[in-house]
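# Fold and geometry: a report
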Amino acid sequence: MNHRLLGSNLLLPRVSKVVGATSFIARRSYAFNAAAPPIHQVFNRRTKWLQKERAAADVEHSRVADYLKDEVAIRLCDRLLDIKRTYPEVLDLGANSCNIARALTRENPDPNHPTSDPIATRIGHLLAVDSSQTLLYRDADLPFNSQINITRQVLHDEETLPFEANTFDLVLSSLSMHWINDLPGVLAQINNILKPDCAFMGAMFGGDTLFELRTSLQLAEQERRGGISPHVSPLADVRDVGGLLQRAGFKMLTVDVDDIIVDYPDTFALMQDLQAMGENNAVLGREMGGLQREVLLANDAIYRELHGNEDGTIPATFRMIYMIGWKESEDQAKPLPRGSADINLKDVLERK
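Notes on the structure follow. Position numbers for residues count from 1 along each chain, tracking the sequence in the order it is written. The model is predicted, so local features are restricted to residues of pLDDT at least 70 and side-chain atom pairs to those at 80 or more, both for listing and for counting; the totals for chains, interfaces and linings are taken over all residues. For the side-chain quantities, the full set of heavy atoms in the structure was used; hydrogens and water were omitted.

### With respect to the overall build of the chain
Each helix is a run of H or I in the DSSP string that is no shorter than four residues. Each strand is a run of E no shorter than two, and both are numbered from the N terminus. A tally of regular secondary structure across the chain gives 11 helices and nine strands. Evaluated residue by residue, the chain yields a buried proportion of 44% over its 352 residues. By definition, residues are in contact when any of their heavy atoms lie within 4.5 Å. Within the chain, contacts between residues separated by at least 24 positions form 81% of all contacts whose residues are at least 6 apart in sequence. Summed over its atoms, the accessible surface of the chain is roughly 19600 Å², and 52% of this surface lies on carbon and sulfur atoms. Partly exposed describes any residue whose relative accessible area lies between the buried limit of under 20% and the exposed limit of over 50%, with all areas from a 1.4 Å probe on protein chains only and scaled to the type maximum. The protein chains shown are the only cover counted for residues, whose accessible areas, like all others here, come from Shrake-Rupley with a 1.4 Å probe.

### Things to note about the nonpolar core
For the purposes of this section, nonpolar cores are sets of buried Ala, Val, Leu, Ile, Met, Phe, Trp, Tyr and Cys residues that join through side-chain atoms within 4.5 Å. Among the nonpolar cores identified, the biggest contains 52 residues, and Leu104, Leu270 and Phe318 are the most heavily contacted of them. Other than its neighbours up to four places away in sequence, Leu270 contacts Leu210, Leu213, Tyr264, Tyr303, Ala316 and Phe318. Core analysis: the second largest hydrophobic core is formed by 28 residues, Phe168, Leu183, Ala248 and Phe250 among them.

### Some words on the sheet that holds strand 8 (residues 250-264)
Within the open sheet, the seven strands sit side by side as 5-4-3-6-7-9-8. Their pairing is mixed. Taken across any chain shown, the strands that pair with only one partner, and hence form the sheet edges, are strand 5 (150-154) and strand 8. Taking the axes of each pair of neighbouring strands and ignoring which way they run, one obtains an average angle of 15 degrees across the sheet. Think of it this way: DSSP has to see at least two bridges between two strands before they count as a pair. In this sheet, strand 9 (residues 314-327) lies alongside strand 8 in antiparallel orientation, the contact comprising 13 bridges. Along strand 9, the bridge assignment pairs Asp258 with Met320. Geometry is summarised by axes, namely lines fitted to C-alpha atoms with helices restricted to the contacting stretch, and by angles between N-to-C directions that run from 0 to 180 degrees. Packed on one face of the sheet, helix 3 (residues 67-78) meets strand 6 (168-174), strand 7 (194-205), strand 8 and strand 9 and runs near 145 degrees to strand 8.

### Describing unusual backbone geometry
Despite not being glycine, Leu175 has its phi angle at roughly 55 degrees, a positive value. Position of Leu175 among the secondary structure elements: in the loop between strand 6 and helix 6 (183-193). You can call Leu175 buried: its relative accessible area is 1%. A positive phi angle, near 60 degrees, is found at Asp197, a position not held by glycine. Of note, Asp197 is situated in strand 7. Classification of Asp197 by relative accessible area gives buried; the value is 19%.

### Quick look at the packing of helix 6 against helix 8 (residues 238-247)
The geometry of helix 6 relative to helix 8 is characterised by a closest axis approach of 8 Å and an angle of 50 degrees between their N-to-C directions. Judged on the interaxial angle alone, helix 8 and helix 6 are oblique. Relative to helix 8, helix 6 is oriented so that their crossing is right-handed. Here Leu183, Pro184 and Leu187 of helix 6 come into contact with helix 8, specifically with Leu244, Leu245 and Arg247. Residue polarity follows a fixed list, in which Ala, Val, Leu, Ile, Met, Phe, Trp, Tyr, Cys and Pro are nonpolar, Asp, Glu, Lys and Arg are charged, and the others, Gly among them, are polar. Counted by class, the contact of helix 6 with helix 8 contains five nonpolar, no polar and one charged residues. Just so you know how the angles are binned, under 35 degrees is roughly parallel, over 145 roughly antiparallel, 65 to 115 roughly perpendicular, and the rest oblique. Handedness of each helix crossing follows the sense of rotation of the near helix against the far helix: counterclockwise by less than a right angle gives left-handed, clockwise gives right-handed.

### What about the packing of aromatic side chains?
By convention, a stacked pair of Phe, Tyr or Trp rings (six-membered ring in the case of Trp) has centres within 6.5 Å and planes under 30 degrees apart, an edge-to-face pair has planes over 60 apart, and any other such pair is tilted. Applying the stated criterion to the full structure yields four aromatic pairs. Measuring from ring centre to ring centre gives 5.3 Å for Phe163 and Phe168, while their planes differ by 85 degrees; the resulting arrangement is edge-to-face. Ring geometry for Phe205 versus Phe318: centroids 5.8 Å apart, planes at 40 degrees, classification tilted. Taken together, the residues span a long stretch of sequence, with Phe205 in strand 7 and Phe318 in strand 9 at a distance of 113 residues. By the burial criterion, Phe205 is buried, and Phe318 matches it. The criterion for a charge sitting over a ring is simple: Lys NZ or Arg CZ within 6 Å of the ring centre, and within 35 degrees of the ring normal. Cation over ring: Arg152 sits above Tyr137, and NZ or CZ is 6.0 Å from the ring centre.

### A few points about the pattern of salt bridges
Every case where a carboxyl oxygen of Asp or Glu lies within 4 Å of a side-chain nitrogen of Lys or Arg is listed as a salt bridge. The full count for this structure, using the stated rule, is 22 salt bridges. For the salt bridge of Asp130 with Lys52, the shortest nitrogen-to-oxygen distance reads 3.0 Å. Residue Asp130 is found in strand 4 (residues 123-130), and its partner Lys52 is found in helix 1 (residues 45-57); the two are separated by 78 residues along the sequence. Taken as a pair, Asp130 and Lys52 share a single burial class, namely buried. Two residues, Asp139 and Arg63, come together in a salt bridge whose shortest N-O distance is 2.7 Å. You can see Asp139 sitting in the loop between helix 5 (133-136) and strand 5 and its partner Arg63 sitting in helix 2 (residues 59-64), a full 76 residues away along the chain. Given a relative accessible area of 1%, Asp139 falls into the buried group. By relative accessible area, which is 34% here, Arg63 ends up partly exposed. Within this structure, Arg63, Asp66, Asp70, Arg102, Arg138, Asp139 and Asp141 form a network of salt bridges that share partners.

### Things to note about helix 9 (residues 267-277)
Along helix 9, the residues that are buried comprise Thr267, Ala269, Leu270, Asp273, Leu274, Ala276 and Met277. Polar contact criterion, stated in full: a pair of N or O atoms within 3.5 Å, where within protein one must be able to donate a hydrogen and the other to accept it, and residues adjacent in sequence count only if both atoms are side-chain atoms. Sitting at the head of helix 9, Asp266 places a side-chain oxygen 3.1 Å from the backbone nitrogen of Phe268. A positive phi of about 80 degrees marks Gly278, the residue just after helix 9.

So this is what it looks like as C-alpha cells:
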C-alpha cells in the first residue's frame, strides 16, 4: 500500500493578536501525516454481508445450492496431494459454509491410491473465518466437524486480517476473494501472516464467468429499456492474478484456469441458485430493486437463442482461477541465474 506525505513535517507557529492586550499569545500548530490514498471501492461489503446472511437463513435451499462451492473446494484441496507436508496451523479465509473443511475430510481423496487418508489428517488446526456468522455456522452440527480440528471465527472486515506475522503454515481461500475491493492489499497481508516457505492457495471467479448471462442481460435491457446497467460483477483476469501475487511478495507462482459449465432449465433457475449461493450483485452504484418482468422474459429468450443447448437447457460457465504462491525464505529453492545452464535446449530438441 502506498503512502504519501504532503507538505513539510513541521509548520511555523501561527501568532494571533488579542484585542485590548499588550502581549501576544503564540499558538503552535502541528502537521500530521496525510492518510493513504483511498482504496477504489467496487463492491458494497455490507450489501454482500446481507446477501450471505439471507442466503444462509434458508438452510435447505442454501445447502442444495452449495454444489459449485463444494466442487471448487475439492479441486483446490486436491492440489495439497502434491505437497508432502503437514500443516499445524491453517487459515481458511472467507470460509463461506466451511466448504474447504468438508473437502479436507473427504475419504480416499487421492485417485492414484484407492485407499488414502483424508487430507485433514495432515492438518493440526483449521481456523475458518468469514464475515457472515449465519453462513459460517450453518453446518456446525454436521458430522464432518468431528473429523477435523476446526475453529470458527467471525471476521467483520475480511479486508483487514487481525493476525500476527508468521502465524500460519498454510492459507486457503475458496470463492470469496472476488468480492474483495483491495485485492493487492489482502494478498500482501496473507503473505505477512504466513510463515517463511509456506503457501497460499486460492480459488476465485474470474475472466468470463457467466459471460452468457452478462451478454443476454445487456441485450435485453438495451432492447426493452434503451440502455444497460451492471448486473454481473467485474472480475479479475487470469493475466492479472500472477502480477498481483508477485507484487504482494509471493514466489514460485502457479496460476491456472478451469471452466465449470452447469446446465439449468432456464435463466430463472440460474438466478435463484446464484441468490441461494449469496453470489448476487453487490456492485456499488447498481440499480436498486429487481429487474423488470419484461427484461427478465427477454433475457431468457435471448439467452436460449444465443447459448441454449439442443435439449432445451441453458449452460452457465463459471471460470475458476486457481493460484498458488509461496512466501519467500532463505533456504527456498530458487531458479538458477540466466546463462548458467551446461546444456543447450536447442541441441536437446534437435536430437528428438
